[in-house]
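What follows is the residue order along each chain.
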Amino acid sequence: MDVIVAGDRAELAEARRALGIGGTPPAEASLALVPTMGALHEGHRSLMRLARERAEHVAVSIFVNPLQFGPNEDFSRYPRTFDADLEVCAAEGVSMVFAPSVEKMYLPDRQVGVSAGEMGTVVEGAFRPGHLDGMLTVVLKLFNLVRPDVAVFGQKDAQQLAMVRRMVADLDLPISIVGGPTVREADGMALSSRNRYLSPEDRGAALALSRALFAGAAQRTPEEIRRAACAVLAAEPAVAVDYLVLVNPATFAEVREDHTGEAILAVAARVGSTRLIDNVTITL
Ligand code: AMP
């Protein structure tokens with residue numbers, strides 16, 4: 001079956017009708033959404049496969065959301081590879097692609113958005129003010145437009161996943177959230193649409209991020225974990241660290257020395273002009 005491409009609300013409603021989604025039960029077909037900013041890679045593909053296991057139809061949204069980029073960030077140069085993305089979606093058995101323009105997505109006099117609350121001001125939120133508010137606002141809009149039963153997000157953006165789960169709980173959204181594991185290159189580097197910005201030298205230096213996380217994950221206590229990861233990053237002068245934190249997966253608050261259960265070791269760093277994030281989950 002061909003992928004149906006929708007660019008606005010009317011086309012989206014038509015695509016839902018054509019696929020039999022939202023019909024009268026028991027004829028109703030289920031739908032899983034994978035929100036993306038495009039430049040699709042194997043990480044996105046793994047989420048599409050998870051989505052296929054969860055619902056009869058998969059929708060992929062491709063939208064580079066201006067609201068979640070700061071004034072000095074890479075919104076205008078973010079990679080846009082729509083034709084290749086469509087081929088990826090077709091190969092993964094995706095039923096519909098929602099790819100609106102910014103103008104179709106946001107009213108020019110837009111006023112209301114989602115606040116990520118205090119949790120949106122820590123870790124990634126401390127370095128990218130407004131990023132998590134902008135991300136949640138577009139995710140809520142995508143949920144309302146596409147109206148999926150399930151939405152799949154990558155653990156790669158761990159705070160995003162935690163905040164989406166929080167939004168679903170706090171706002172009683174009728175949707176299940178599924179998290180997918182981070183897909184990595186053979187050498188450990190997490191796949192990211194931003195990796196294509198890296199020169200070969202930058203890429204070599206950027207490997208320090210995953211090496212630091214794995215070094216941390218091999219330790220036993222929070223102090224040892226932070227120290228081991230920090231030492232790897234400190235040995236790579238081309239990597240400018242924004243943060244290295246060990247946090248509670250649900251709240252993103254720093255864990256104490258006596259913490260037990262899962263914790264997320266998360267790192268953000270700039271390599272050349274590229275900012276990268278990565279994380280691993282560690283059970284303490
Ligand atoms: P993006 O297009 O970067 O906004 O990412 C869209 C979705 O893909 C998000 O839920 C990301 O967490 C997820 N994602 C990005 N990179 C990876 C990866 N290497 N492995 C698994 N999921 C990923």
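Heads up: these notes are all about the structure in this document.

Cut-offs used in this document
- Residues numbered from 1 in each chain as written.
- Predicted model: local features only at pLDDT ≥ 70, side-chain atom pairs only at ≥ 80, totals over all residues.
- Heavy atoms only, no water.
- Helix = DSSP H or I, 4+ residues; strand = E, 2+ residues; numbered from the N terminus.
- Buried < 20%, exposed > 50% of the residue type's maximum accessible area, 1.4 Å probe, protein only.
- Pairing = 2+ DSSP bridges.
- Axes fitted to C-alpha atoms, helices over the stretch in contact; angles between N-to-C directions.
- Salt bridge = Lys/Arg side-chain N within 4 Å of Asp/Glu carboxyl O.

### Some points on unusual backbone geometry
Here comes step 1: Phi is positive for V123, close to 50 degrees, though the residue is something other than glycine.
Here comes step 2: The backbone of F252 sits at a positive phi, close to 65 degrees, despite the residue not being glycine.
Here comes step 3: Structurally, F252 is set in the loop between β7 (239–247) and β8 (262–271).
Here comes step 4: Using a relative accessible area of 3% as the deciding quantity, one classes F252 as buried.

### What to know about the sheet that holds β8
Here comes step 1: The antiparallel open sheet is built from 3 strands, whose spatial order is β7-β8-β9. In this open sheet, the two strands that pair with only one neighbour each are β7 and β9 (274–283). Looking at each pair of strands side by side, their axes are set apart by 15 degrees on average, direction ignored.
Here comes step 2: Taken together, the 10 bridges between β8 and β9 define a ladder with antiparallel strand orientation.

### Structural notes on the pattern of salt bridges
Here comes step 1: Enumeration over the complete set of coordinates arrives at 17 salt bridges.
Here comes step 2: Salt-bridge contacts for R194 lead to D74; the nearest nitrogen and oxygen are separated by 2.7 Å. Of the two residues, R194 is situated in the loop between β6 (176–180) and α8 (200–217) and D74 in the loop between β3 (57–62) and α3 (82–91); the sequence distance between them amounts to 120 residues. Here the two residues R194 and D74 agree in accessibility, since each one is buried.
Here comes step 3: R270 serves as the salt-bridge partner of D242, at 2.9 Å between the closest nitrogen and oxygen. Taken together, the positions of D242 in strand β7 and R270 in strand β8 put the pair 28 residues apart, joining distant regions of the chain.
Here comes step 4: By sharing partners, the salt bridges in this structure join E73, E124, R128, D242, R270 and R275 into a single network.

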